[in-house]
Amino acid sequence: MNLSERIDGTAMLTIQELSISQPISIIDGQGSLSISAPLRLWSPEDPYLYECRIEFGSDQVTDRIGFRDIRRQGTNLLLNGKPLYLRGVCVHEDDAKHGKVSTIEDVTRRFHHAKE
């Protein structure tokens, strides 16, 4: 198929545990859906995941996902309505100068920037 072709049709979202089997109208390769369900929210203390499946034509993708509510209230970050304290940094090996190569000097420089 040529990638410039329109992709229209109907996808199907299934979350068996929530008794959800919902069609999604796909127009030009895109679709959206809003659903309401009594969810067990994911948290570090209760990292609950739902198995979700989406099908479109002969394609099928299954994934385990967690639902949560993240909001900012003033300077506070809330997870499911409760204050959340985050600490730490994430360092990726993709640098404008060095590309996907990291040296100890590069990592040290990044941590120095994070501390600033």
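Everything below is about the structure printed above this text.
Rules used in this analysis
- Residues numbered from 1 in each chain as written.
- Predicted model: local features only at pLDDT ≥ 70, side-chain atom pairs only at ≥ 80, totals over all residues.
- Heavy atoms only, no water.
- 1 Å grid on protein atoms, 1.4 Å probe; cavity = no way out; pocket = protein on both sides within 12 Å on 5 of 7 lines; lining within 4 Å.
- Points joined across faces, edges and corners; volume = space filled by probe spheres on them.
- Helix = DSSP H or I, 4+ residues; strand = E, 2+ residues; numbered from the N terminus.
- Nonpolar A, V, L, I, M, F, W, Y, C, P; charged D, E, K, R; others polar.
- Phe/Tyr/Trp six-rings, centres within 6.5 Å; stacked < 30°, edge-to-face > 60°.
- Buried < 20%, exposed > 50% of the residue type's maximum accessible area, 1.4 Å probe, protein only.
- Pairing = 2+ DSSP bridges.
- Axes fitted to C-alpha atoms, helices over the stretch in contact; angles between N-to-C directions.
- Core = buried A, V, L, I, M, F, W, Y, C linked by side-chain atoms within 4.5 Å.
- Contact = heavy atoms within 4.5 Å.

Turning next to the layout of surface pockets. Roughly 150 Å³ of volume is contained in the largest pocket. Contributing to the lining of the largest pocket are Leu13, Ile15, Leu33, Ile35, Cys52, Arg53, Ile54, Val61, Thr62, Asp63, Ile65 and Phe67. For the lining of the largest pocket, the secondary-structure elements that each account for two or more residues are β1 (9-15), β3 (50-56) and β4 (59-65). Considering every element that reaches the lining of the largest pocket, the biggest residue donor is β4, with four residues. Of the residues in the lining of the largest pocket, the class split is nine nonpolar, one polar and two charged.

Right, let's get into the packing of aromatic side chains. Scanning the model with the defined rule gives two aromatic pairs in all. Both rings, one in Tyr48 and one in Tyr50, keep their centres 5.0 Å apart while their planes meet at 80°; by these two values the pair is edge-to-face. Tyr50 matches Tyr48 in its accessibility class, with the two residues each being buried. An aromatic cluster of at least three residues, connected via ring pairs, comprises Tyr48, Tyr50 and Phe67.

What follows concerns the sheet that holds strand β2 (residues 20-26). Ordered by their spatial adjacency, four strands build an open sheet running β2-β1-β3-β4, and the pairing between neighbours is antiparallel. In the strand order of this sheet, the two ends are held by β2 and β4, each with one partner. Looking at each pair of strands side by side, their axes are set apart by 20° on average, direction ignored. Across seven bridges, the pairing between β1 and β2 is antiparallel. Considered in β2, the bridge of Thr14 is made with Ser21.

Glancing now at the nonpolar core. Ala11, Leu13, Ile15, Leu18, Ile20, Ile24, Ile26, Tyr48, Tyr50 and Cys52 together form the largest nonpolar core, which totals ten residues. Contributing elements (two or more residues each) for this core: β1, β2 and β3. Excluding residues within four positions of it along the chain, Ile20 makes contact with Leu13, Thr14, Ile15, Ile35 and Ala37.

Taken by themselves, the reported measurements are silent on function.
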